[in-house]
Every structure is written in C-alpha cells, then in structure tokens.
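Topology and contacts: notes
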2 protein chains.
Amino acid sequence: MKIEVTTKPENFNIQKNIISQIRDLINFKNLEPGDKLPSERMLSEKFKVSRNVVRDAIQKLELYGLLKSRPQSGTFIANIGITALNGMVEDILRLDEPDFKSLVETRILLELKTARLAALRRTEEDLDQISKALKAHKEKILNGEEAVQEDLLFHLAIAKASGNSSMNTFMLIITPEIITNFEKYHVCDVGQAHSRIEEHQAIFDAIKNRSPQLAKQKMKEHFRELYKYCYNIEIN
Amino acid sequence: MKIEVTTKPENFNIQKNIISQIRDLINFKNLEPGDKLPSERMLSEKFKVSRNVVRDAIQKLELYGLLKSRPQSGTFIANIGITALNGMVEDILRLDEPDFKSLVETRILLELKTARLAALRRTEEDLDQISKALKAHKEKILNGEEAVQEDLLFHLAIAKASGNSSMNTFMLIITPEIITNFEKYHVCDVGQAHSRIEEHQAIFDAIKNRSPQLAKQKMKEHFRELYKYCYNIEIN
DNA sequence: AATTTATGATTGGTAAACCAAATCTTCATT
DNA sequence: AATGAAGATTTGGTTTACCAATCATAAATT
C-alpha cells in the first residue's frame, strides 16, 4: 500500500488562480487604491466558482493587508498603490513553504531581539510569567522528563515581554513547527538538559536586571549550544 | 455626522470565544496530540453557532500550526503537546494588534538580516530582480515623483533574495502597513529622496559583491537616516 | 481464518438560500 | 432648489443544503 503525501496542489492552485484573477481584474478595470472591488457575488459569477472560494481568496489577501472588506459595504483595495500591489501579489503567489533551516534562522533572529527588548521593557507581571515558565521547565527536567514544550513556553514568555506585538505573533507562528521538529529529531535529549536550565536562568537574570546586552549574549550562547551541529545557519 | 471607527469587537470576540471553547473541549475530553477533533458539524451544534464560524476558528488555529484539517477525514491536533497548545492558545487570544512602532522595529530587524543573507546567497536572477527594482525606484525619483512603492519593492526583492521563506513572508505581512503610514505621514518627502538612491545603490553593490557585513552596514545607515526622528525604536 | 471487496456512514469542501446592516434612489417637504 | 425621510437595492455575513472523497464495518471469496 502506497501512501500519498501530496499537498493537494489543486486546492492551493485554485485559490492562487482566483487571487491572480482578482489582480488581473484590478489592473484591467484600472481600479485604484481605495476603490471598491466588485461584490463577492459578481466575482464568483465571473470566475465560475462559489462565493466561498472567492471569500477565501479575499481573506488571504486581507491577511497580507492588500484588501479590506467591510460588512454590508464592500471589499476595498488598500492604499498601497497599484505598483506595490502587483509586486506583492506576485511575491505572495510565488512564496515557498518555509523549510526548517529558514524557521530556525528566523527564530534565532527574533529571539536575540526579543531577549534584548524584554530586558528593556519587561513589567513586573512579565517577569512573573517568565519566572513561572522557567520554574515549570526546571521541574520537568529535574524530574527526568522531556520538556520541549516548557522550554518553548519560556521563550514565548520572553517574546511577550518584549512588548513588540509583531515579533510576538511571528514567534507564535514559528513555534509549532520548531517543536515538532525538535521532538522528531530528539534535539533536546536529556543529557544536555541540565545545562539548558542554567542557560535559561542566566537569560532570566539578565532580563530581571534589565541588562539588554547580557540578555542577548546569554540567548546567543544558548542557541550556540542548541544548534552547534547546524553550521550553515546564520547566528549573527 | 460622526463616523464610528470601531473595530467591531463582537466579531473577533465570537471567534475568540469559539477558539477558547475548542481548547476547553480538548482539555476536558483529554484529547492528545494527533487525535481527531469532533467533526465541524458536532462542534457547531455543541457551540450553538454555524459551521462556518467553527471553520473560521479552526482556520485561524491552523494558521498558527495548532490544528491541521484534512479533507474528508477530519481536523487533527498538532503534535506539539497539550501544555504547549494551552500556552499558545492563551497567547493567541491575548495578542494585541501591532502598533506602528512594533512594525518598524520588526522591519528593521528583518531587513538587516535579509540584506546580510542576500549578500551571501543571492543568485544571478535575484540580483537581476533587485537591479530592476533599484532602477524603477531611481527613475521615479529622478522624475520628481513620489516612489514609496518602488522603494519598498526594492526591499522586498532583497527579502526574496535572502533565501529565507519565513522572513520573506513576514516582510510581506508588514509592508502594506508600513507603506500606508509612510504615505500618511509623508516620511519619504522629495528632499531626502536623492540620498535614498545612493543608499539603495550602496546596498545593492554590497549584495552584488557578496559582502554581507557591508550590506548590513549600508542597510543600517539607510534606516538611521529614515527613522532618525523615532529615537525610541531599537535599531540594534 | 485471512484477505479482499463492497457498502453505507462520516467528513471537510462547495454551493445555494437567507439575513441584517449599509447605501443609494426617490420623492415629499420646506 | 435644498434638504430630509422613506423605501428599495446592494452588500458582506450567516445559515442551510448538497457533494465527493474517505473510512469503518461487514460480507464474500479464497
């Protein structure tokens, strides 16, 4: 028995198809930023698909900030200019699925920064949250158990304390893929687990003492330990 | 006549409500990673809402990698562990809308890195694309026109050349908001426009010559000029 | 008894019907 | 002619109905 692991290209391609048709229509009709798109009904009729499919495509473009739909009023083109819109749609259509290397690279970039920012901006409540995550991780490890989840929740607590909502969001998007890969390849085996505790503690202390440079430094060392076998990932 | 600019909290709260109910159900029923969620019909019946509302909530959790729904089969819980899932759902529910400062801060972080990476990894085709964007921007400026869009397309071309799909995606998400704010506050006025051209050229040259450190340096100077009035944004 | 096949129930995806808010049109009033 | 109100229309959002792929169960065959 053969198991197909296809990503169902059809579904994605249908949506991509609709997205590019929307772009074409905007260009052909010379619609400008701020203008209203034809109604979902008209689009679905024009493109010979269901309204639902059109709605999904619109939703995706809304996620990227290119459209904005308002209830009982219409879907509007963002004020970013027609040139930027065309360029961005092109990019969106060609986007690759992120590989693991990209994820890790991005993660390190974000974490070095959020550690710094957390040291600068953390509130007392932030500190409390980080402390709890630190403790949960520590106890799991000392109990001899795997603690990948607690590990990453510690890092997410720092991201939250950075006071930067975008970075926090991006960290959340990246994290699940990181976790599953860690568990798959047993990155966090018990042998090195104890040094993890100390590294986390050092990061926490730096954030507590409002030492941004040290926080970044300790985070960097933490990652250097973690990913030392992945030598073609950009750490700095 | 007064225009209400409310963000319609109800709609968001309905979705957040459903999301937290899904989390509660997972916990109450002791569902584990990899398990199948009840069908959308059952969920919609249980939560007393339409199936579409359930589907939207699932789609959002899918975006954050916590669920994965497969056609004609079911919706499955990601293999990230129940602790991580609970923590992440909590974070997702409390996420703030990003303010402009966060966006700019994140943009600078990403761009310094993508410039470096592009210098290391750009292909000839990447270089060609960046060159075209550079030229388009230059010509618009020399023609005395505003060129905010061409400016950011140049930066997006660099992000693409970085070979990091995650960073590319995040740049795309951030860009529209940046553009609208630039145009709103007239950040790119014509006076400084000519020095922009030189700065872009310097960045391009560094990427062309495969000089990662220089590319980052030139990008940093570029931003220092741009945002010198925003002194509480973390540049490094 | 083991394996294959067939059949019916279940599922997420899609299409169609319906709703209430927003907008436009029309017409009466000043 | 300008303005305001009322009604009809249009719109995105929501609900309902339908579809084809999938899966589990059981019957049939070896």
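Structure shown above.
These lines cover the structure that appears in this document, whether it is placed above or below.

Analysis parameters
- Residues numbered from 1 in each chain as written.
- Chains lettered and ligands numbered in written order.
- Predicted model: local features only at pLDDT ≥ 70, side-chain atom pairs only at ≥ 80, totals over all residues.
- Heavy atoms only, no water.
- Least-squares fit on C-alpha atoms with pLDDT ≥ 70 in both.
- Contact = heavy atoms within 4.5 Å.
- Salt bridge = Lys/Arg side-chain N within 4 Å of Asp/Glu carboxyl O.
- Helix = DSSP H or I, 4+ residues; strand = E, 2+ residues; numbered from the N terminus.
- Buried < 20%, exposed > 50% of the residue type's maximum accessible area, 1.4 Å probe, protein only.
- Near = heavy atom within 4 Å.
- Polar contact = N/O pair within 3.5 Å; in protein donor to acceptor, adjacent residues only side chain to side chain.
- Phe/Tyr/Trp six-rings, centres within 6.5 Å; stacked < 30°, edge-to-face > 60°.
- Lys NZ or Arg CZ within 6 Å of the ring centre and 35° of its normal.
- Patch = residues over 30% accessible without salt bridge, like charges linked within 9 Å, V, L, I, M, F, W, Y side chains within 5 Å.
- Areas by Shrake-Rupley, 256 points an atom, 1.4 Å probe, with all protein chains shown as cover.
- Lys, Arg positive; Asp, Glu negative; His and termini not counted.
- Charge placed at Lys NZ, Arg CZ, Asp CG, Glu CD.

1. Points about the relation of the copies chain A and chain B
The transformation that overlays chain A on chain B combines an axial shift of 0.0 Å with a rotation of 180°, and the residual RMSD is 0.1 Å. With respect to symmetry, the two chain copies, as superposed, fit the operation of a two-fold axis. A high fraction, 98%, of the interface residues of chain A reappear at the interface in chain B, so the copies pair face to face through one surface.

2. Overview of the pattern of salt bridges
Applying the stated rule across the entire model yields 26 salt bridges over all chains. The partner of Arg51(A) in a salt bridge is Glu40(A), and the shortest N-O contact between them spans 2.9 Å. One end of the pair, Arg51(A), is in helix 3 (residues 51-63); the other, Glu40(A), is in helix 2 (residues 40-47), with eleven residues separating them in the sequence. Taking relative accessible area as the criterion, Glu40(A) reaches 15% and is therefore assigned buried. Two residues, Asp91(A) and Lys160(B), come together in a salt bridge whose shortest N-O distance is 3.3 Å. Residue Asp91(A) is located in helix 4 (residues 82-94), and its partner Lys160(B) is located in helix 7 (residues 148-161); the two belong to separate chains. The exposure class of Asp91(A) is buried, given its relative accessible area of 10%.

3. Observations regarding the protein's contact with DNA strand C
By nearness alone, 20 residues border DNA strand C, and Ser50(A), Arg41(B), Arg51(B), Arg55(B) and Gln72(B) come closest of all. The protein-proximal atoms of DNA strand C, defined as those within 4 Å of the protein, are 49% sugar or phosphate. Within the backbone of Glu40(B), an N or O atom sits 3.0 Å from a phosphate oxygen of DNA strand C. Counting only elements with at least two residues in the surface near DNA strand C, the list comes to helix 3 of chain A together with helix 2 (40-46), helix 3 (51-63) and strand 2 (74-77) of chain B. Here the surface near DNA strand C takes three residues from helix 3 of chain A, the largest share from any one element.

4. A closer look at the packing of aromatic side chains
Throughout the structure, instances matching the rule amount to one aromatic pair over all chains. In this structure, Arg70(A) packs its charged tip against the face of Phe76(A), placed 4.6 Å from the ring centre.

5. Let's talk about a negative patch on the surface
On the surface, a cluster of negative charge is contributed by Asp96(A), Glu97(A), Asp99(A) and Glu177(A). Relative to the helices and strands, Asp96(A) resides in the loop between helix 4 and helix 5 (100-121).

By themselves, these observations are geometric and do not establish any function.
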